[in-house]
Amino acid sequence: MLKKLEIDFDIPYELEESIDNLINDVNNKNGRLKDVYQDEINFCLKDWSNGLTDEQIKLLRDYYIRGRF
């Protein structure tokens, strides 16, 4: 079961929505669209206007894109 990563910083709405969709898909639909949501998350993380630091981006990418679930 994929759980939301506990973080102490704000993330953009679009990124949070993609993360919620990924978690829902993995936990309730056997991950059929996992790649789609991971691509959305990765796109949001590459957007430099998102206001996240490099360390925050790495943390989120390691958990939601490179994580094994």
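All of the points below concern the structure found in this document. (Residues numbered from 1 in each chain as written. Predicted model: local features only at pLDDT ≥ 70, side-chain atom pairs only at ≥ 80, totals over all residues. Heavy atoms only, no water.)

1. A few points about the packing of helix 1 (residues 13–28) against helix 2 (residues 34–46)
Short version of the rule: In this analysis an axis means a line fitted to C-alpha atoms, helices contributing only their contacting stretch, and an angle means the value between N-to-C directions, from 0 to 180 degrees. Under the DSSP-based scheme used, a helix requires at least four consecutive residues in state H or I and a strand at least two consecutive residues in state E, with every element numbered from the N terminus. Here the angle decides the label: under 35 degrees means roughly parallel, over 145 means roughly antiparallel, 65 to 115 means roughly perpendicular, and every other value means oblique. By the definition used in this description, the sense in which the near helix is turned from the far one sets the handedness, with an anticlockwise turn below a right angle giving left-handed and a clockwise turn giving right-handed. Between two residues, a contact is recorded if the distance between any of their heavy atoms is within 4.5 Å.
Between helix 1 and helix 2, the shortest axis-to-axis distance is 9 Å and the interhelical angle comes to 160 degrees. On the basis of the axis angle, helix 1 is roughly antiparallel to helix 2. Crossing handedness for the pair helix 1 and helix 2: left-handed. Mapping the contact onto sequence places E14, L15, S18, I19, N21, L22, D25 and V26 in helix 1 and K34, Y37, Q38, E40, I41, C44 and L45 in helix 2.

2. Details of the nonpolar core
Rules: Here, nonpolar core means buried Ala, Val, Leu, Ile, Met, Phe, Trp, Tyr and Cys residues that are tied together by side-chain atoms lying within 4.5 Å of each other. Whether a residue is buried, partly exposed or exposed follows from its accessible area with a 1.4 Å probe, protein chains only, as a fraction of its type maximum: under 20%, in between, or over 50%, in that order.
Within the largest apolar cluster, 17 residues are counted, with the highest numbers of intra-cluster contacts made by L15, L52, L60 and Y64. Listed by contribution, the elements that provide at least two residues to this core are helix 1, helix 2 and helix 3 (54–64). Of all the elements, helix 1 adds the most residues to this core, at five residues. Setting aside its immediate chain neighbours within four residues, L52 contacts F9, D10, I11, P12, L15, L45, I57 and L60.

3. With respect to helix 2
This is how it is decided: Between the first and last residue of a helix there are one fewer steps than residues, each counted as 1.5 Å, and that sum is the expected span. Picture the helix axis, draw a direction to every C-beta atom, and the arc is the one those directions span.
Between its terminal C-alpha atoms helix 2 stretches 18 Å, which fits the 18 Å expected from 13 residues at 1.5 Å a residue. Turning to helix 2, its buried residues are Y37, Q38, I41, N42, C44 and L45. End-on view of helix 2: buried residues confined to an arc of 160 degrees, all on one side of the axis. Away from its buried face, by an angle of more than 90 degrees, helix 2 presents the exposed residues D35, D39, F43 and K46. On the buried face of helix 2, the contacting elements are helix 1 and helix 3.

4. So, the pattern of salt bridges
Our working definition: Salt bridge, as used here: a side-chain nitrogen of Lys or Arg that lies within 4 Å of a carboxyl oxygen of Asp or Glu.
Under the definition given, this model contains four salt bridges. Across the pair E16 and K4 runs a salt bridge whose closest N-O atoms are separated by 2.9 Å. Note that E16 is positioned in helix 1 and K4 in the segment before helix 1, a separation of twelve residues in sequence. The exposure class assigned to K4 is partly exposed, which follows from its relative accessible area of 37%. Each member of the salt-bridge network shares a partner with another, and the members are K4, E16 and D20.

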